[in-house]
Amino acid sequence: MGLTLTEKILKKHLVDGTLVKGEEIGIRIDQTLTQDATGTMAYLEFESMGLDSVKTELSVAYIDHNTLQSGFMNADDHKFIQSAAEKFGLFFSKPGNGICHQVHLERFAVPGKTLIGSDSHTPTAGGMGMLAMGAGGLDVAVAMGGGAYYIAMPKVYKINLIGKLRPFVSAKDIILEVLRRLTVKGGVGAVMEYGGEGIKSLTVPERATITNMGAELGATTSIFPSDEITRDFLKAQNREHVFAFISADDDATYDKVIDINLSELTPMIACPHSPDNVVKVSELADRHIKVDQVCIGSCTNSSLTDLLKVAEILKGERVSDNVSLSISPGSRQVLAMLARDGGFEAILGAGARFLECACGPCIGMGFSPNSGGVSLRTFNRNFEGRSGTPDGQVYLVSPETAAAAALVGEITDPRRLPEILGKDNPEKRQLDSKLKVDIPKAFRVDDNMIINPKPLDERKDVETKKGPNIKGLPEAKIPGDFMKKEVILKVGDNITTDHIMPAGSKILPFRSNIPHLSQYCFEVCDADFPKRAKEKGGGIILGGINYGQGSSREHAALVPLYLGVSAVITKSFARIHRANLINAGILPLEFQREEDYEKISQGDEIEIFNLRNGIDSGSFTARVKPVDDSENDYEIMLKCELSKRQKDIIRAGGLLKYVGGRQ
Ligand code: MIC
Ligand code: SF4
């Protein structure tokens with residue numbers, strides 16, 4: 001029987017377990033990446049393991065998230081990360097060089113290899129046939145030390161692309177359509193493998209847009225085969241030597257096949273406040289929704305070809321008076337080429353604001369919309385409050401739809417642009433033909449902002465530099481046999497890690513200061529939560545379906561740990577967050593009967609008996625004592641299916657203790 005592309009790469013990298021769906025497997029990791037918002041923790045964790053060097057083929061530390069340096073905190077973190085990169089032998093990508101995923105795709109990704117990154121959009125490199133996954137910082141630290149990375153052996157879904165995209169419809173619309181059909185939990189436990197005739201008309205950056213936003217499906221990762229198109233891209237990046245053909249066998253079997261006819265696709269839009277709240281742009285056309293802000297960039301849509309298309313649309317036009325348009329190029333390479341080839345002038349001339357080559361507005365690092373403002377973004381997440389404006393209305397769109405809104409001032413189907421712009425500018429009637437932008441034959445390769453690792457003997461005396469904002473890691477606890485805790489918070493379905501541990505320019509500088517960060521935990525849901533958690537000496541959090549979706553930030557586990565949270569009980573968890581909870585020594589429990597969720601109220605007390613047996617068997621009996629005295633106590637059954645390794649991690653009091661690190 002033939003193998004899928006995913007199975008082929010996993011088979012080659014398997015170091016523990018067997019390739020049986022759902023079972024835990026350990027795989028060798030060839031490359032790692034970190035960014036600065038999660039990197040400080042990851043390198044503190046790596047340092048605590050006492051190793052002198054990374055053991056991977058290649059590891060890169062990027063600075064791209066916390067580039068707003070209002071105060072010493074971010075700058076101190078950057079110095080620390082740079083010193084850790086120097087000490088432990090990593091590549092270091094300086095602030096301004098670009099967004100980790102974009103730069104990694106350009107300069108480091110290799111088909112057929114494995115990559116984990118402390119960022120949930122690491123699957124971007126799947127656009128080049130790499131098995132690339134988001135992970136918590138501690139898992140990345142372990143992989144840097146040569147340890148295996150553990151996942152549940154995924155199911156494999158084939159997304160079969162048929163036909164060819166029509167003008168003004170692009171890669172972003174494909175992934176929005178996948179999200180519309182599968183929802184933010186539709187990819188849980190699975191890898192999305194793209195195939196079919198349709199992939200032949202998609203360039204590597206377009207494929208990367210799709211694999212990037214596969215993170216929003218909750219998928220383990222997404223991947224395209226590596227073919228002639230991949231070779232051309234690598235050749236243009238002066239890296240043809242790393243190219244390898246890799247694809248699924250013709251007779252590979254998939255757990256599900258989803259057909260998407262590209263020829264029938266129209267521009268799509270994700271409405272507030274979830275990436276799967278997707279409709280056709282044309283469905284909103286009659287509503288004349290005024291737009292206040294348009295943001296083009298992020299690791300989803302900031303490639304050179306994306307921005308050249310935007311430039312074609314904006315050329316000779318003027319951004320609507322009511323719209324503020326920002327452009328954040330994905331990398332210095334993109335910006336330099338845009339400047340050289342005239343796209344920069346066209347965009348600037350139309351009235352756009354150029355921001356740094358960094359994440360910027362995507363993570364609320366500046367450029368928050370006005371109160372209640374409508375913001376159209378080419379990004380991948382529109383969770384409530386993430387933009388930095390609590391009542392901001394964020395929509396996710398393609399670069400074409402974003403540019404159309406910037407010019408017209410309201411949500412507009414970009415297919416109408418030739419007609420709208422053609423009235424005053426006859427050249428624009430042929431806009432469709434101008435939007436076929438090819439990958440250049442040769443990219444401008446300049447790695448001046450990447451510092452290469454030095455040989456071991458030259459870095460023996462390097463010390464890491466820790467500024468005053470860098471505090472220690474909270475200590476995970478070894479579980480006893482009995483737990484009696486109050487439910488200190490009850491939340492609903494699809495809680496994101498942005499709810500648990502918000503980002504934004506005010507909070508992000510404290511990513512290496514857990515005590516300070518803890519004041520903002522669950523701020524969006526219940527501002528009193530941190531105070532209550534402290535007063536009660538910790539407790540239990542109750543959640544619904546897909547708890548912890550979104551970002552890979554381990555802070556969403558470390559901060560609750562600091563606040564004394566010893567268990568989280570939900571209907572189901574998102575993959576990376578569940579792993580982060582286990583790594584932090586927090587029990588991720590699920591209801592055996594989902595209906596029990598409704599019965600429990602915040603303030604109820606839960607007693608869990610025979611915890612040690614429960615960890616072994618995966619089944620727990622708990623007694624609920626309702627806060628309302630008139631109600632009787634009752635029993636519920638909980639479950640927590642752990643692999644042998646995960647049981648040992650919980651028993652040891654977290655992954656760091658399990659691998660022998662100092663805390
Ligand atoms: C995000 O897009 O939410 C982030 C910021 O890139 C996160 C990482 C983080 O919280 O530092 C992610 O996607 O993992
Ligand atoms: Fe940065 Fe946004 Fe991409 Fe996260 S999703 S890596 S914040 S650009």
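Everything below is about the structure shown above.
1. Observations concerning the overall build of the protein
Turning to step 1, where the next piece is worked out: Within the protein one finds 24 helices and 27 strands.
Turning to step 2, where the next piece is worked out: The C-alpha atoms of the protein give 24 Å as radius of gyration, which agrees with the globular expectation for 663 residues (26 Å, within 12%).
Turning to step 3, where the next piece is worked out: Counting only C-alpha atoms, the protein reaches 75 × 65 × 60 Å along its principal axes.
Turning to step 4, where the next piece is worked out: Relative to its full complement of 663 residues, the protein shows a buried share of 63%.

2. Regarding the site of ligand 1
Turning to step 1, where the next piece is worked out: Close to ligand 1 lie 14 residues; Asp119, Ser120, Arg386, Ser552 and Arg553 are nearest.
Turning to step 2, where the next piece is worked out: Taking Ser552, its main chain carries an N or O atom lying 2.7 Å from an oxygen atom of ligand 1.
Turning to step 3, where the next piece is worked out: Surface burial for ligand 1 is 97%, taken as the share of its 330 Å² of free accessible area covered by protein chains.
Turning to step 4, where the next piece is worked out: Most atoms of ligand 1, that is more than half of them, are within 2 Å of grid points of the largest cavity.
Turning to step 5, where the next piece is worked out: Among the residues forming the shell around ligand 1, the class breakdown is two nonpolar, seven polar and five charged.

3. Some details on empty space enclosed by the protein
Turning to step 1, where the next piece is worked out: Applying the stated criterion across every chain, the model contains eight cavities of 30 Å³ or more.
Turning to step 2, where the next piece is worked out: Looking at the largest cavity, its volume works out to about 200 Å³.
Turning to step 3, where the next piece is worked out: Taken together, 21 residues form the lining of the largest cavity, with His65, Asp119, His121, Arg381 and Arg386 sitting closest to its centre.
Turning to step 4, where the next piece is worked out: Split by residue class, the lining of the largest cavity holds six nonpolar, 10 polar and five charged.
Turning to step 5, where the next piece is worked out: Of the pockets and cavities examined, the second largest cavity occupies roughly 160 Å³.
Turning to step 6, where the next piece is worked out: Along its surface, the second largest cavity is lined by 18 residues, and Ala215, Gly218, Ala219, Gly550 and Ile576 are the ones closest to its centre.

4. So, the sheet that holds strand β4 (residues 58-62)
Turning to step 1, where the next piece is worked out: Pairing within the open sheet is mixed, and its six strands lie in the order β7-β6-β3-β4-β5-β20. Whereas interior strands pair on both sides, the edge strands pair on one side only; in this sheet they are β7 (131-134) and β20 (450-451).
Turning to step 2, where the next piece is worked out: Here three bridges tie β4 to strand β5 (residues 91-93), and the two strands are oriented parallel to one another. Looking at β5, one finds that Val60 is bridged to Phe91.
Turning to step 3, where the next piece is worked out: The sheet strands contacting helix α5 (residues 137-144) are β3 (31-34), β4 and β6 (114-117), and the helix crosses β3 at an angle near 140°.

5. Some thoughts on the site of ligand 2
Turning to step 1, where the next piece is worked out: Taken together, His65, His101, Asp119, His121, Ser298, Cys299, Cys359, Cys362, Ile363, Asn380 and Arg386 make up all the residues around ligand 2.
Turning to step 2, where the next piece is worked out: When each cavity is represented as a set of grid points, ligand 2 is found to reside in the largest cavity.
Turning to step 3, where the next piece is worked out: Its residues assigned to classes, the shell around ligand 2 comprises four nonpolar, five polar and two charged.

6. Details of the packing of aromatic side chains
Turning to step 1, where the next piece is worked out: Summed over all chains, the structure comprises 10 aromatic pairs.
Turning to step 2, where the next piece is worked out: The ring of Tyr597 has Lys490 lying over it, and the distance from NZ or CZ to the ring centre is 4.3 Å.
Turning to step 3, where the next piece is worked out: Of note, Lys571 hangs over the ring of Tyr597, and the distance from its end group to the ring centre comes to 4.6 Å.

7. Thoughts on the layout of surface pockets
Turning to step 1, where the next piece is worked out: Put simply, the largest pocket is a space of about 900 Å³.
Turning to step 2, where the next piece is worked out: Along the wall of the largest pocket there are 36 residues; nearest its centre are Gly22, Ala152, Arg575, Arg578 and Glu641.
Turning to step 3, where the next piece is worked out: Of all the elements in the fold, those that place two or more residues in the lining of the largest pocket are β8 (149-152), β9 (155-162), α20 (575-583), β24 (587-591) and α23 (644-652).
Turning to step 4, where the next piece is worked out: In terms of residue class, the lining of the largest pocket is built from 16 nonpolar, eight polar and 12 charged.
Turning to step 5, where the next piece is worked out: Lining the second largest pocket are 29 residues, and of these Ser201, Thr203, Glu206, Val437 and Asp438 lie nearest its centre.
Turning to step 6, where the next piece is worked out: Counting only elements with at least two residues in the lining of the second largest pocket, the list comes to α7 (204-213), α8 (228-236) and α10 (304-314).
Turning to step 7, where the next piece is worked out: Looking at which element gives the most residues to the lining of the second largest pocket, the answer is α8, with five residues.
Turning to step 8, where the next piece is worked out: Class assignment for the residues of the lining of the second largest pocket results in 13 nonpolar, four polar and 12 charged.

8. Considering α7
Turning to step 1, where the next piece is worked out: Extensive coverage of α7 is indicated by the burial of 10 of its 10 residues.
Turning to step 2, where the next piece is worked out: Taken together, the buried positions of α7 are Val204, Pro205, Glu206, Arg207, Ala208, Thr209, Ile210, Thr211, Asn212 and Met213.

9. Remarks on the packing of α7 against α8
Turning to step 1, where the next piece is worked out: Between α7 and α8, the least distance of the axes is 9 Å, while the angle of their chain directions is 110°. One way to sum up the angle between α7 and α8 is to call them roughly perpendicular. Along the contact surface, α7 presents Val204, Pro205 and Arg207, while α8 presents Ile229, Thr230 and Phe233.
Turning to step 2, where the next piece is worked out: A breakdown of the residues in the contact of α7 with α8 according to their chemical character gives four nonpolar, one polar and one charged.

10. Overview of the nonpolar core
Turning to step 1, where the next piece is worked out: Counting residues in each nonpolar core, the largest one holds 98 residues, and the members touching the most others are Phe522 and Phe529.
Turning to step 2, where the next piece is worked out: The contact partners of Phe529, leaving out residues within four places of it in the chain, are Ile488, Leu489, Cys521, Phe522, Ile541, Leu563 and Val565.
Turning to step 3, where the next piece is worked out: Grouped together as the second largest cluster of nonpolar side chains are 68 residues, Phe108, Leu284, Ala402 and Phe443 included.

11. Structural notes on the sheet that holds strand β2 (residues 24-27)
Turning to step 1, where the next piece is worked out: One open sheet holds the three strands; their spatial order is β1-β2-β8, and the pairing between them is antiparallel. Of all strands in the sheet, those bounded by a partner on one side alone are β1 (14-16) and β8. Put simply, the sheet's adjacent strands are angled 45° from each other on average, direction ignored.
Turning to step 2, where the next piece is worked out: As judged from the four bridges shared by β2 and β8, these two strands associate in the antiparallel manner. Looking at β8, one finds that Gly26 is bridged to Tyr150.

12. Considerations on the environment of Ala135
Turning to step 1, where the next piece is worked out: With respect to the helices and strands, Ala135 occurs in the loop between β7 and α5.
Turning to step 2, where the next piece is worked out: Residue classification places Ala135 among the buried positions, given a relative accessible area of 0%.
Turning to step 3, where the next piece is worked out: Sequence separation between Ala135 and Asp628 is 493 residues; the distance between their C-alpha atoms is 40 Å.
Turning to step 4, where the next piece is worked out: If we skip the residues at most four places from it in the chain, Ala135 touches Ile116, Gly117, Ser118, Asp119, Val140, Tyr149, Ser552 and Ile576.

13. Focus: helix α19 (residues 555-562)
Turning to step 1, where the next piece is worked out: Where burial is concerned, most of α19 is hidden: seven out of the eight residues are buried.
Turning to step 2, where the next piece is worked out: Of the positions making up α19, those classed as buried are His555, Ala556, Ala557, Leu558, Val559, Pro560 and Leu561.
Turning to step 3, where the next piece is worked out: On its buried side, α19 packs onto α2 (36-48), α16 (497-500), α17 (514-517), β23 (565-570) and α20.
Turning to step 4, where the next piece is worked out: One or two positions beyond α19, positive phi appears at Gly564, with a value near 90°.

About the criteria used
- Residues numbered from 1 in each chain as written.
- Chains lettered and ligands numbered in written order.
- Predicted model: local features only at pLDDT ≥ 70, side-chain atom pairs only at ≥ 80, totals over all residues.
- Heavy atoms only, no water.
- Helix = DSSP H or I, 4+ residues; strand = E, 2+ residues; numbered from the N terminus.
- Rg over C-alpha atoms; globule rule 2.2 N^0.38 Å.
- Buried < 20%, exposed > 50% of the residue type's maximum accessible area, 1.4 Å probe, protein only.
- Near = heavy atom within 4 Å.
- Polar contact = N/O pair within 3.5 Å; in protein donor to acceptor, adjacent residues only side chain to side chain.
- Areas by Shrake-Rupley, 256 points an atom, 1.4 Å probe, with all protein chains shown as cover.
- 1 Å grid on protein atoms, 1.4 Å probe; cavity = no way out; pocket = protein on both sides within 12 Å on 5 of 7 lines; lining within 4 Å.
- Sits in = over half its atoms within 2 Å of the grid points.
- Nonpolar A, V, L, I, M, F, W, Y, C, P; charged D, E, K, R; others polar.
- Points joined across faces, edges and corners; volume = space filled by probe spheres on them.
- Pairing = 2+ DSSP bridges.
- Contact = heavy atoms within 4.5 Å.
- Axes fitted to C-alpha atoms, helices over the stretch in contact; angles between N-to-C directions.
- Phe/Tyr/Trp six-rings, centres within 6.5 Å; stacked < 30°, edge-to-face > 60°.
- Lys NZ or Arg CZ within 6 Å of the ring centre and 35° of its normal.
- Parallel < 35°, antiparallel > 145°, perpendicular 65-115°, else oblique.
- Core = buried A, V, L, I, M, F, W, Y, C linked by side-chain atoms within 4.5 Å.

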